[in-house]
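Read off the chains here:
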Amino acid sequence: MEVKMESSWKKHLIDEFGKEYFQKLTQFVKDEYVSKVIYPPPKFIFRAFEMCPFGNVKVVILGQDPYHGKGQANGLCFSVSEHIALPPSLKNICKEIESDLQITTEKSGNLDRWAQQGVLLLNATLTVEHGKAGSHQKKGWEEFTDRIVDLLSEKKSNLVFLLWGRYAQEKGARINASRHLVLKAAHPSPFSAYSGFFGCKHFSQANEYLEKHGEKPVKWQ
């Protein structure tokens with residue numbers, strides 16, 4: 001598995017690639033791509049880092065797994081490739097943005113436009129088997145992405161972390177809340193969005209915090 005990653009991320013993570021768990025993870029992922037249908041396409045595994053260099057990160061959204069349907073996953077959590085229908089969770093995210101900021105969001109579910117503004121869209125697990133949610137969990141990805149969260153928490157200041165749902169909140173427990181803004185709400189899934197995601201106003205709060213600390217607000221359209 002080629003670790004194609006923007007140079008600033010690679011600099012921070014170079015020691016991680018040599019660790020035993022990562023070597024085992026690399027072999028597992030290689031074997032899976034050979035024998036099964038795995039998402040996202042190999043070139044997109046580390047795309048979140050390509051799209052959002054370490055120095056550009058302002059906001060972090062933590063997801064769980066890539067989408068496991070054909071053509072959906074593009075390497076950014078909650079995002080889908082162009083011309084793919086918006087999944088339910090992303091539809092609800094757009095509804096909350098429109099309600100919170102009184103704007104109209106774009107119809108495209110490709111969230112490159114957020115990543116290019118400094119929003120790191122990070123899944124805890126970066127690959128998944130077709131039709132099998134969670135199939136690549138506990139293979140080493142979580143350890144790798146925990147290291148990402150630690151680096152951001154330790155090396156940067158005044159980031160906004162958006163933690164939706166129990167899984168993201170447990171993973172985000174390691175964040176230094178005295179250095180960053182940590183916002184928590186229910187997951188935007190239809191099963192839980194009405195239990196605290198709708199009305200959370202995370203997008204306006206994130207922008208207010210960024211502006212307060214001298215950063216440009218994110219255009220969430």
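Residues numbered from 1 in each chain as written. Predicted model: local features only at pLDDT ≥ 70, side-chain atom pairs only at ≥ 80, totals over all residues. Heavy atoms only, no water.

### Looking at the sheet that holds strand 6 (residues 181-185)
Okay, step 1: One open sheet accounts for four strands, arranged 3-2-5-6; its pairing is parallel. The open sheet has two edge strands with one neighbour each: strand 3 (119-123) and strand 6. Averaged over neighbouring strand pairs, the angle between their axes works out to 20° when direction is ignored.
Okay, step 2: As defined by bridge partners, strand 5 (residues 160-164) adjoins strand 6 across five bridges and the pair is classed as parallel. (Pairing = 2+ DSSP bridges. Helix = DSSP H or I, 4+ residues; strand = E, 2+ residues; numbered from the N terminus. Axes fitted to C-alpha atoms, helices over the stretch in contact; angles between N-to-C directions.)

### Some thoughts on the packing of aromatic side chains
Okay, step 1: Tallied over the entire structure, the rule returns 18 aromatic pairs.
Okay, step 2: Measuring from centroid to centroid gives 6.1 Å for Tyr21 and Phe22, while their planes differ by 90°, and the two rings are edge-to-face. Of the two residues examined, Tyr21 and Phe22, each falls in the buried class.
Okay, step 3: One aromatic cluster is present, formed by Trp9, Phe17, Tyr21, Phe22, Phe46, Phe49, Phe54, Trp141 and Phe144 through successive ring pairs.
Okay, step 4: Looking at Arg47, its charged tip hangs above the ring of Phe44, at a distance of 5.0 Å from the centre.
Okay, step 5: Of note, Lys156 hangs over the ring of Phe54, and the distance from its end group to the ring centre comes to 5.3 Å. (Phe/Tyr/Trp six-rings, centres within 6.5 Å; stacked < 30°, edge-to-face > 60°. Buried < 20%, exposed > 50% of the residue type's maximum accessible area, 1.4 Å probe, protein only. Lys NZ or Arg CZ within 6 Å of the ring centre and 35° of its normal.)

### A short note on the packing of helix 4 (residues 88-101) against helix 8 (residues 202-212)
Okay, step 1: Two numbers describe how helix 4 lies on helix 8: the axes approach to 8 Å, and their chain directions differ by 60°. The angle between helix 4 and helix 8 falls in the class oblique. Counting all contacts with helix 4, which are made through Ile93, Glu96, Ile97, Asp100 and Leu101, the residues of helix 8 involved are His202, Phe203 and Ser204.
Okay, step 2: Its residues assigned to classes, the contact of helix 4 with helix 8 shows four nonpolar, two polar and two charged. (Parallel < 35°, antiparallel > 145°, perpendicular 65-115°, else oblique. Contact = heavy atoms within 4.5 Å. Nonpolar A, V, L, I, M, F, W, Y, C, P; charged D, E, K, R; others polar.)

### Overview of the state of the cysteines
Okay, step 1: Using the criterion set out here, one finds zero disulfides in the structure.
Okay, step 2: No disulfide involves Cys94; its nearest neighbouring cysteine sulfur is the one of Cys77, lying 13 Å away.
Okay, step 3: There is no disulfide at Cys200, and the cysteine sulfur nearest it, in Cys94, is 13 Å away.
Okay, step 4: Taking relative accessible area as the criterion, Cys200 reaches 12% and is therefore assigned buried. (Disulfide = S-S within 2.5 Å.)

### Points about helix 2 (residues 20-35)
Okay, step 1: Taking 1.5 Å as the rise per residue, helix 2 with 16 residues should run 22 Å; its terminal C-alpha atoms sit 23 Å apart, in good agreement.
Okay, step 2: For helix 2, the complete set of buried residues consists of Tyr21, Phe22, Leu25, Thr26, Val29, Glu32 and Tyr33. The arc that holds every buried residue of helix 2, seen down its axis, measures 135°, which confines them to one face. Exposed side of helix 2, more than 90 degrees from the buried face: Glu20, Lys24, Val34 and Ser35 are the residues found there. (Expected span 1.5 Å × (residues − 1). Arc of directions from axis to C-beta.)

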